[in-house]
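Reading the structure
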Amino acid sequence: MKKLLLLLVILISINMSGQSDTTNEIAIVQSIYGKSKADIVKGYLNLTEPQAAAFQEVYDNYETDRRALSQKKMQLIKDYAANYSTLTDEKADELTKNNLKSNIDQEKLLSKTYGKAKKAIGAINAAKFIQLEQYLQTTIRAEVQDAIPFIGELEKTKKK
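Residues numbered from 1 in each chain as written. Predicted model: local features only at pLDDT ≥ 70, side-chain atom pairs only at ≥ 80, totals over all residues. Heavy atoms only, no water.

So, the overall build of the chain
Test applied: Numbering of helices and strands runs from the N terminus, with a helix taken as a DSSP run of H or I at least four residues long and a strand as a DSSP run of E at least two residues long. We call two residues in contact when some of their heavy atoms are within 4.5 Å. Surface accessibility in these figures is a Shrake-Rupley result with a 1.4 Å probe; residues are shielded only by whichever protein chains are displayed.
The secondary structure content of the chain amounts to 7 helices and 0 strands. The secondary structure elements of the chain, listed N-terminal to C-terminal, are α-α-α-α-α-α-α. Taking the intrachain contacts of the chain between residues at least 6 apart in sequence as the baseline, contacts between residues at least 24 apart amount to 78%. Here the chain displays about 10000 Å² of accessible surface, and carbon together with sulfur accounts for 57% of that area.

What about the confidence of the model for the chain?
The predicted structure's coordinates, where accompanied by low pLDDT, should not be read in detail. Rules: Values of pLDDT, the confidence the predictor places in each residue, fall between 0 and 100.
Confidence in the prediction for the chain averages 82 pLDDT; 74% of positions are at 70 or higher. Confidence scores differ between elements of the chain, with helix 1 (residues 2–17) showing the lowest mean pLDDT of 45 and helix 5 (residues 89–121) the highest of 96. Within the model, the stretch residues 1–20 combines pLDDT values under 50 with 29 contacts to residues more than four positions away or in other chains.

Quick word on the pattern of salt bridges
Any two side chains of opposite charge can pair, given that their charged atoms come close. The test is simple: We define a salt bridge as a contact between a side-chain nitrogen of Lys or Arg and a carboxyl oxygen of Asp or Glu at a distance within 4 Å. When accessible area is computed with a 1.4 Å probe and restricted to protein chains, residues below 20% of their type maximum are described as buried, those above 50% as exposed, and intermediate ones as partly exposed.
Counted under the stated rule, the structure contains 9 salt bridges. Between E133 and K37 there is a salt bridge, with its nearest N and O atoms 2.8 Å apart. Here the residue E133 occupies a position in helix 6 (residues 123–147), and K37 occupies one in helix 3 (residues 37–45), the gap between them amounting to 96 residues. On the accessibility criterion, E133 (1% relative accessible area) is buried. Of the charged contacts, one joins R67 and E63 as a salt bridge, the two residues approaching to 3.8 Å between their closest N and O atoms. Taken together, the positions of R67 and E63, both in helix 4 (residues 49–83) and 4 residues apart, correspond to about one turn of that helix. For E63, a relative accessible area of 5% corresponds to the buried category.

Thoughts on the environment of E57
Secondary-structure assignment places E57 in helix 4. Between the C-alpha atom of E57 and that of A117, which follows or precedes it by 60 residues, the distance is 9.4 Å.

A look at the nonpolar core
Just so we agree on the cut-off: Side-chain atoms within 4.5 Å link the members of a nonpolar core, which is a set of buried Ala, Val, Leu, Ile, Met, Phe, Trp, Tyr and Cys residues.
Within the largest apolar cluster, 18 residues are counted, with the highest numbers of intra-cluster contacts made by V41, L45, F55, A117 and F129. The set of elements that each furnish at least two residues to this core consists of helix 3, helix 4, helix 5 and helix 6. When sequence neighbours within four positions are dropped, the list of residues in contact with F55 reads V41, L45, L47, A117, A120, I121 and F129. Ranked by size, the runner-up nonpolar core spans 6 residues in total, among them L76, Y80, L95 and I148.

Overview of the packing of aromatic side chains
To be explicit about the condition: Put simply, two rings from Phe, Tyr or Trp (the six-membered ring, in Trp's case) pair if the centres are within 6.5 Å, and we call them stacked under 30 degrees between planes, edge-to-face over 60, tilted for the rest.
What the rule picks out here adds up to 5 aromatic pairs. Between Y59 and F129 the ring centres are 5.9 Å apart and the planes differ by 80°, which places this aromatic pair in the edge-to-face class. Here F129 lies in helix 6 and Y59 lies in helix 4, a separation of 70 residues in the sequence. An identical accessibility class is assigned to Y59 and F129; each is buried. An angle of 90° between the planes, with centres 5.6 Å apart, marks the rings of Y62 and F129 as edge-to-face. Within this pair, whereas Y62 is found in helix 4, its partner F129 is found in helix 6, the two being separated by 67 residues in sequence.

Shown next as structure tokens:
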């Protein structure tokens, strides 16, 4: 019950404050690492000035596309929260398929970005970026997932 309430509070605060999911992702990254994601990427890659300039456009385009995917993911979470207590087979099927598609879309974006980054900064630096990005996204997903109750979790706590 606490997890669902926490999720609903987060979603309500996002809607009331006008914050985007991107703002919340930034808050998660900053709370864990004490710096912005862009600063983490910049520090980790440690690119030369020409490389950094070549990579910036790739990174900006990636972030624009990633944010759009993140907003779709947030809509899925909102939809899940709205339907959690009355979940039907049909709705569970719809939510699961959309979630799996969202995960595939994220992987496709990473693959596309790797190709562009490799041209701009070489394979090793591009691989470092993808590795770091996957790590950060896994961390963010874990934080969000921890706030989402499993299907049937609330019913189990009510029976005790």
